[in-house]
Number of protein chains: 2
Amino acid sequence: MKYNIIFAAFLFSSFAAFAQQKPAQNLVQYVKPIIGTQRMGHTYPGATVPFGMVQLSPETDTISYEENGRYNPKVYAYCAGYQYEDHTITGFSHTHFSGTGHSDLGDFLIMPTVGQLKLNPGTATQPNSGYRSRYSHANEVSAADYYKVKLEDYNITAEMTASTRVGFHQYTFPKTDQAHIILDLMAGIYNYDDKNVWTYLHVINDSTVTGFRRTNGWAKNRVLYFAMKFSKPFIAYGNHNYSKKEVYRGFWGKFNQSKNFPEIAAPKLRAYFDFKTEEGEKIDIKFALSPVSMDGALANMQAEIPGWNFTAVKEAGQKAWESELSKINIQSKSIAEKQNFYTAMYHAMINPTIYMDVDGEYKGLDQNVHKAVGFTNYTTFSLWDTYRALHPLFNIIEPKRNDDMIKSMLAHFEQSPEHMLPIWSNSGNENWCMSGYHAVAVIADAVVKGNASFDTQKALEACVATARKRSYEGIGEYIDKGYIADEHNGVSVSNTLEYAYDDWAIAQMAKKLGKMDIYNEFMKRSENYKNVFDPADGFMHPRNADGTFRQKFDPLSTNNQGFIEGNSWNYTFFVPQNPPELIKLLGGNKRFISRLDSLFTMNLPDKYFAETEDITRDGIIGNYVHGNEPSHHVAYLYNWTNQPWKTQERVRMILPKMYKPTPDGLGGNDDTGQMSAWYIFSSLGFYPVAPGSDQYALGSPAVDAATIQLPKGKTLEIIAKNQSDKNVYVKEVLLNGQVLNRNYITHSEIMGGGKLVFVMSGKHGK
Amino acid sequence: MKYNIIFAAFLFSSFAAFAQQKPAQNLVQYVKPIIGTQRMGHTYPGATVPFGMVQLSPETDTISYEENGRYNPKVYAYCAGYQYEDHTITGFSHTHFSGTGHSDLGDFLIMPTVGQLKLNPGTATQPNSGYRSRYSHANEVSAADYYKVKLEDYNITAEMTASTRVGFHQYTFPKTDQAHIILDLMAGIYNYDDKNVWTYLHVINDSTVTGFRRTNGWAKNRVLYFAMKFSKPFIAYGNHNYSKKEVYRGFWGKFNQSKNFPEIAAPKLRAYFDFKTEEGEKIDIKFALSPVSMDGALANMQAEIPGWNFTAVKEAGQKAWESELSKINIQSKSIAEKQNFYTAMYHAMINPTIYMDVDGEYKGLDQNVHKAVGFTNYTTFSLWDTYRALHPLFNIIEPKRNDDMIKSMLAHFEQSPEHMLPIWSNSGNENWCMSGYHAVAVIADAVVKGNASFDTQKALEACVATARKRSYEGIGEYIDKGYIADEHNGVSVSNTLEYAYDDWAIAQMAKKLGKMDIYNEFMKRSENYKNVFDPADGFMHPRNADGTFRQKFDPLSTNNQGFIEGNSWNYTFFVPQNPPELIKLLGGNKRFISRLDSLFTMNLPDKYFAETEDITRDGIIGNYVHGNEPSHHVAYLYNWTNQPWKTQERVRMILPKMYKPTPDGLGGNDDTGQMSAWYIFSSLGFYPVAPGSDQYALGSPAVDAATIQLPKGKTLEIIAKNQSDKNVYVKEVLLNGQVLNRNYITHSEIMGGGKLVFVMSGKHGK
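Note that the coordinates shown come from a computational prediction; the quantities given were computed from them, not determined experimentally.

J.: What exactly am I supposed to notice about the sheet that holds strand S36 (residues 729-735) of chain A here?
T.: Strand pairing in a sheet is mediated by backbone hydrogen bonds. Such pairs are either parallel or antiparallel. Residues and elements named next belong to chain A. Pairing in this open sheet of six strands is mixed, and the strands run S20-S34-S35-S39-S36-S37 from one edge to the other. Strand pairing shows two members of the sheet lacking a second neighbour, strand S20 (328-331) and strand S37 (738-739), which therefore form its edges. As defined by bridge partners, strand S35 (residues 715-721) adjoins strand S39 (residues 754-761) across six bridges and the pair is classed as parallel. What sits directly across from Lys721, in S39, is Val759.

Structure follows, in structure tokens:
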């Protein structure tokens, strides 16, 4: 790219006054958690604070993972528990993933009802058959840390907010002698018959209840504890035990355990609490979680929400959000842009989640209780997604948290029975989801960028140990042969490509730490992508153990072609660690541009769409799949050709097409914030193509200006002069008044603060 | 009773030299844990230290609680896991109740094998079908804290010992390339299909394994953690998962989880570890338990058995036993008497069991982790049995432990969701077994006897709260009406009688603490036994709500007659708190004696025996059921008549009839030491008829002499002058040289030490 230097001085002076303005107030108003709740965004509309342990949100159905003993594909839509198109709410549970394509959680569902007690949730088509209620979006408010809805069947207004570890419910009842609050301990997301391994309920007094739930779900070996307080004593309580008959009933028969009996332990329970209410009477519930114990949950409640002031909790939560959102203060003429941007910021700062009690204790991978000393422990690491842009974003605007997240990963490594860094971890469990070992990329990125207060030598050892785990998904063969044979692994090409990138990241980290033997070993490994490239067809191609390439192969298909969540057309571009070599491999500049152009413009036959996971039809542009992650860097690859303007053009095409401020506004799963992080970076004009490098490829800012708050009181002001929907091309970039004669910016330049000016134009160079 | 004073001076001088002898050494040699392992004693032959958390003992079959969906009565014989008549051993597990009539436990079964790996236990009739092995009593040694057996099918010698929290296995193998050690996580006592709720196994390295097991058994809500170390690294390991298919296999399919994979979590697992061994090579295993965590188990192991010296652990264990046994040093011409006595001492000091980690942490009734501060926490409280003689025995020879046991009960009360003292508690669980609320009797007994360092006011409050728990088994009606109506409770008469006794105990405690309002309330309640006495038939008799007595009633039957583990014939004597009033109720001295005589001499028709629980035919004398507890005080009731010599005669008849030093030597369940405690007291010549009183009824000593070690270095020497099988009558009793003109001795007299001389004779008075 060639920038014109002429306007530099002018631009700088012209925007100086503007850039010095104070950050705008009330960014929270632009957060619309409802974005992505329709179709495949898999976000949720409920209440949470930044990185909070509690995600208190409505469930709109009870789709089971299994139907008649088979996988029920409908369950997929309910990864976050809520689907915008549904007409009933079954209740409000305390844990939700944001934007995932597989799921779990939905713990401890609360539902207020009036009238005859119903303890089953009923069905969507026959809502009156159970405790669920009709609702309407007209009577729904979804905001940062606040959710409100009218439960029409019961004339109850439900409101909720949360602190880090405590959900706060407020239910406004009509006058009735028959008010109930149901606690459904069987409800859950991606639920199935035996998912509830065990539950325990202890009614401590007329307004305090504790308990726990052990589940065998995506997290195989998970226990979550709770403590619950009502603002008003219940007058009676009970439960129904849906478990198989107890073999050892024995002397428990002395009691009627289903009514006003203070302890129940069984796999399948639903409990209820009865009240009498006056018209408009509010009953509040504080519901605290703990990964460690019921005592821990009570202590969390006492520490975070000792009183009963709903408004104060909500205001504190929104203040916390405001503080996070204001890390980047954008200027835009478009409300939609502000809503997209701040909702992306919001979605980017939900996961990973804090995973420890207020005293620092948490349940580790080894199922022992550990104490986080000197750091905050996090979980919910969807690393195949988030190493790409979310953690790089945190290195800029959340450096302390990212450092703590890595400390959490290193603790995970210490506790891991397999002696590996996390792949996809949650709640003291590993689910091994997806390809690669991308924790190493997150760690390398932090080390290379100098945001690493952890023990970097130990961290390197953990990365190397993980990358040398021969028994893990073909790593042994990959080390021995340079690729994974098609016969031995269903996603052999994805794995080979992703390992090669991760290895390069390890090498960068080793180099920075002066470990040149490690550097050399892993730089060599990082070239393994070449071993799955078939020069005959010009694609990354499944390769047999004997060195030949698979005969029957369709580079457009994602079905059993050696790739995961991507076809070869997209995955062939997955060499973020070395675009120049990739370009050579694909035949040089011109042919590479042509291949990229085809990706974005070709017409993907419908049959291939049908097999593409996790995204809507809108999540694809040509054959470019933005809704899945392997292509997230691809639009930026033009930067390594002589047509970087195509990066600018593509990015500005993708931004509005894939992100809209509407319930169905996300083109695919938000993937715990990775999709949102892509949006944030790309809107600001740069993107981390290869985490582990200190460089960010420049793109085309979609905001008019932005101020990024940096550590030590520094700021980076970004100004996009003449930016508009049409002026998407970058004519010139100036950093602190100096023209930048390259199409990347370094991490130290960003963190050094100052001014980054993009001069935009409606025309591009050649 | 009338003692002859004439020989007192002579006797005193004559026995002085003898009584001053030092206690005999090596009392451990008389302990025969095998006593009671045949038929209904329900003791176990394995290794344990006094009050140890680990009871490491062989299992001889795998009888399931259910067969074809129905209760399998055969399971009853396996309460302690071992039946002497069996010919195979299935393995060695780490937890066993001693002498109970219901059961649980059998956690973490270890079995060493050679040759082809078999992971199922096989059957008794086809031992080769599984991992079990034949064995013979000729190749078996069962001693205090030591068990040894030859596993014939594998030519493996198995030896085991234990510390408080750690089992130590030593297996001597033949030369083989195929040595296995199986860890069966599904095995258990009173096992059934879904009893294993969840298990977890973590192979930390080539010789260290941790894990846990959650069970839903007699203890409904129980988790036990373990840590296991091998003296030699295994060369391979694996498991078989017998659970239903996992719904969420997901990315765990990346691994072969059944072989050399370091973590498994599922409800039904059996694991194995492979070795190569030389001829005669020993493989040792240290296996530690914890109620709190795997880390806790590892810490327990490190604290108690840091090294690998099997002999040293065994010697330490036997030294601990010697120290406990020497609390009472008896003189007897009979080896059988010594074996009976010291095995009774041994069985009396197995339960209750220590229930906390070395750092004092334990899992409470509320399922939270608590720390025992200033006391040792105990569990396994079979209080319906043990309040009678076992805890009174502890007040004499284990005062510190009894005090700690009460502190454990008070902690239980604090943690109990029902706000009640323990009924029958184990491992942080309550199973509500049997009748009454006899923890109050244990507490009252300690308070009245001045062995109470706990907060006595709080203890009284706990007793009163428990006794006023209206929702518990008819207490409400009992309070309102003075008895429990037959229509409302299946064991209404037992409950009424036992509550009345317990209430008297509370009253005694209240009096001692100066709470006269409580004293008066509960003294009144203590007379409620009168309300179920039917003057028409002279029996305690089920009474209807309208005040009439049940029409159809059989005082010989134990089946659905309003009693538990006893018939009315026996239970009618259950007024230990007031024998004089009972005598009046039954028609005065003469008629009372006649009733007692009939009890011991009548011929109980076989049909009634068939319905008598927990005892062998030998456990009954006439219609007197010694094998169950409600009659344990009955032989001493003659003391309140003018024929106390009949107490002496009956006791001396019961002792040898009900206790023999043979595998089938116990006439009924040992009941966690209560039967043994009866033996100890009665052999020494006195018995606590009504715990809560400071008096012990005098009987007829069966030992020649005994020295009881008391606190502060005091001793009580008991001398039975002229004692023999024929000289069972007490002519005279002298305490410290003074003739005792009464047929009881007080607790302070015992604890004051000195000499208690019984002058025995072959003739009784009138």
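More follows now that the structure is in view.
J.: When you look at the pattern of salt bridges in this model, what are you seeing that I'm missing?
T.: Pairing between side chains becomes possible if they bear opposite charge and their charged atoms approach one another. One pass over the full model with this rule turns up 64 salt bridges over all chains. One salt bridge in this structure joins B:Arg401 and B:Glu398, with 3.1 Å as the shortest N-O distance. Considered together, B:Arg401 and B:Glu398 belong to a single accessibility category, that of buried residues. Shared partners join several salt bridges into a network, and the residues in it are A:Glu324, A:Lys327, A:Glu398 and A:Arg401.

J.: Help me out: how do you make sense of the packing of helix H11 (residues 492-512) of chain A against helix H12 (residues 516-525) of chain A in this one?
T.: A pair of packed helices is characterised by two quantities: the angle between their axes and the separation of those axes. All names here are of chain A. Relative to each other, H11 and H12 sit at 160°, their axes nearing to 8 Å. Taken together, the axes of H11 and H12 lie roughly antiparallel to each other. In terms of crossing hand, the pair formed by H11 and H12 is left-handed. Across from Ala500, Asp503, Trp504, Ile506, Ala507, Gln508, Ala510 and Lys511 in H11, the residues of H12 making contact are Met516, Ile518, Tyr519, Phe522, Met523 and Arg525. When its residues are assigned to classes, the contact of H11 with H12 shows ten nonpolar, one polar and three charged.

J.: Can you help me understand helix H9 (residues 456-467) of chain B in this one?
T.: Because each turn of an α-helix spans 3.6 residues, side chains separated by three or four positions end up pointing in the same direction. Residue and element names in this part refer to chain B. Its twelve residues give H9 an end-to-end C-alpha distance of 16 Å, which sits within 8% of 16 Å, the value for a rise of 1.5 Å per residue. Among all positions in H9, only Thr456, Ala459, Leu460, Ala462, Cys463, Val464, Thr466 and Ala467 are buried. The elements touched by buried residues of H9 are helix H7 (399-415), helix H8 (439-448), helix H10 (475-481), helix H11 (492-512) and helix H12 (516-525). One side-chain oxygen at the N-terminal end of H9 lies 3.2 Å from the backbone nitrogen of Gln457; it belongs to Asp455.

J.: Even after reading the chapter, I still don't get the pairing of S36(A), so can you show me in this structure?
T.: Successive side chains on a regular strand alternate, one facing one side of the sheet and the next facing the other. Residue and element names in this part refer to chain A. Extensive coverage of S36 is indicated by the burial of six of its seven residues. Both S36 and S37 contribute to a ladder of two bridges, which runs antiparallel. Within the sheet, the bridge partner assigned to Leu735 lies in S37 and is Gln738.

J.: Sorry, what's going on with the packing of aromatic side chains here?
T.: One pair of aromatic rings is described through two measures. These are the centre distance and the angle between the planes. Counted by the stated rule, this structure contains 113 aromatic pairs over all chains. With a centroid separation of 5.4 Å and 55° between ring planes, the pair formed by B:Phe212 and B:Tyr225 is classed as tilted. Here the residue B:Phe212 occupies a position in strand S14 (residues 208-215), and B:Tyr225 occupies one in strand S15 (residues 222-230), the gap between them amounting to 13 residues. Each member of the pair, B:Phe212 as well as B:Tyr225, is classed as buried. Between B:Phe226 and B:Phe287, the aromatic rings sit 5.0 Å apart at their centres with planes inclined by 20°, giving stacked as the arrangement. Remark: B:Phe287 occurs in strand S19 (residues 281-290) and B:Phe226 occurs in strand S15; sequence separation between them is 61 residues. The residues B:Phe226 and B:Phe287 share a single accessibility class, namely buried. Three or more aromatic residues joined by ring pairs make a cluster, and in this case those are A:Tyr636, A:Tyr659, A:Trp678, A:Tyr679, A:Phe681, A:Phe686, A:Tyr687 and A:Tyr696. One cation-aromatic arrangement involves A:Arg595 over A:Phe539; the distance from NZ or CZ to the ring centre is 4.3 Å. Over the ring of B:Tyr744 we find B:Arg742, and its NZ or CZ is 4.8 Å from the ring centre.

J.: For this particular structure, what's the right way to read the interface of chain B and chain A?
T.: Size of an interface, as often reported, equals the accessible area lost when the parts are brought together. Taken residue by residue, the interface counts 57 residues in chain B and 57 residues in chain A. For the pair chain B and chain A, the summed buried surface comes to about 5,000 Å²; carbon and sulfur atoms form 57% of the total. Of all residues in chain B, the largest losses of buried area upon contact with chain A belong to B:Lys220, B:Tyr248 and B:Lys254, amounting jointly to 18% of the total for that side. Here chain B and chain A share four salt bridges between them. Between A:Asp194 and B:Lys244 there is a salt bridge, and its shortest N-O distance comes to 2.4 Å. One can count 18 residue pairs in polar contact (both at pLDDT 80 or more) joining chain B with chain A. Mapped by element, the contributors of at least two residues to the side of chain B that touches chain A are strand S13 (196-205), S14, strand S17 (263-266) and helix H2 (294-304) of chain B. When residues in the side of chain B that touches chain A are grouped by element, the largest group, five residues, is from S13(B).

J.: How should the layout of surface pockets be read in this particular structure?
T.: It is a probe the size of a water molecule, rolled over the atoms, that shows where empty space is left. In this model, the largest pocket occupies a volume close to 890 Å³. Lining the largest pocket we find 37 residues, and of these A:Asp194, A:Lys244, A:Pro267, B:Asp194 and B:Lys244 sit closest to its centre. Listed by contribution, the elements that provide at least two residues to the lining of the largest pocket are strand S13 (196-205) and strand S17 (263-266) of chain A together with S13 and S17 of chain B. Broken down by class, the residue content of the lining of the largest pocket amounts to 15 nonpolar, seven polar and 15 charged.

J.: Help me out: how do you make sense of the side chain of B:Asn567 in this one?
T.: Residues and elements named next belong to chain B. As for its position among the elements, Asn567 is in the loop between strand S29 (539-540) and helix H13 (568-571). From its side chain, Asn567 meets the backbone nitrogen of Asn570 in a polar contact 2.9 Å long. Excluding residues that lie within four positions of it along the chain, Asn567 makes contacts with Pro555, Leu556, Ser557, Thr558 and Asn623.

Rules used in this analysis
- Residues numbered from 1 in each chain as written.
- Chains lettered and ligands numbered in written order.
- Predicted model: local features only at pLDDT ≥ 70, side-chain atom pairs only at ≥ 80, totals over all residues.
- Heavy atoms only, no water.
- Pairing = 2+ DSSP bridges.
- Helix = DSSP H or I, 4+ residues; strand = E, 2+ residues; numbered from the N terminus.
- Salt bridge = Lys/Arg side-chain N within 4 Å of Asp/Glu carboxyl O.
- Buried < 20%, exposed > 50% of the residue type's maximum accessible area, 1.4 Å probe, protein only.
- Axes fitted to C-alpha atoms, helices over the stretch in contact; angles between N-to-C directions.
- Parallel < 35°, antiparallel > 145°, perpendicular 65-115°, else oblique.
- Left-handed = near helix turned anticlockwise from the far one by under 90°.
- Contact = heavy atoms within 4.5 Å.
- Nonpolar A, V, L, I, M, F, W, Y, C, P; charged D, E, K, R; others polar.
- Expected span 1.5 Å × (residues − 1).
- Polar contact = N/O pair within 3.5 Å; in protein donor to acceptor, adjacent residues only side chain to side chain.
- Phe/Tyr/Trp six-rings, centres within 6.5 Å; stacked < 30°, edge-to-face > 60°.
- Lys NZ or Arg CZ within 6 Å of the ring centre and 35° of its normal.
- Buried area = accessible area lost by both parts, 1.4 Å probe.
- 1 Å grid on protein atoms, 1.4 Å probe; cavity = no way out; pocket = protein on both sides within 12 Å on 5 of 7 lines; lining within 4 Å.
- Points joined across faces, edges and corners; volume = space filled by probe spheres on them.

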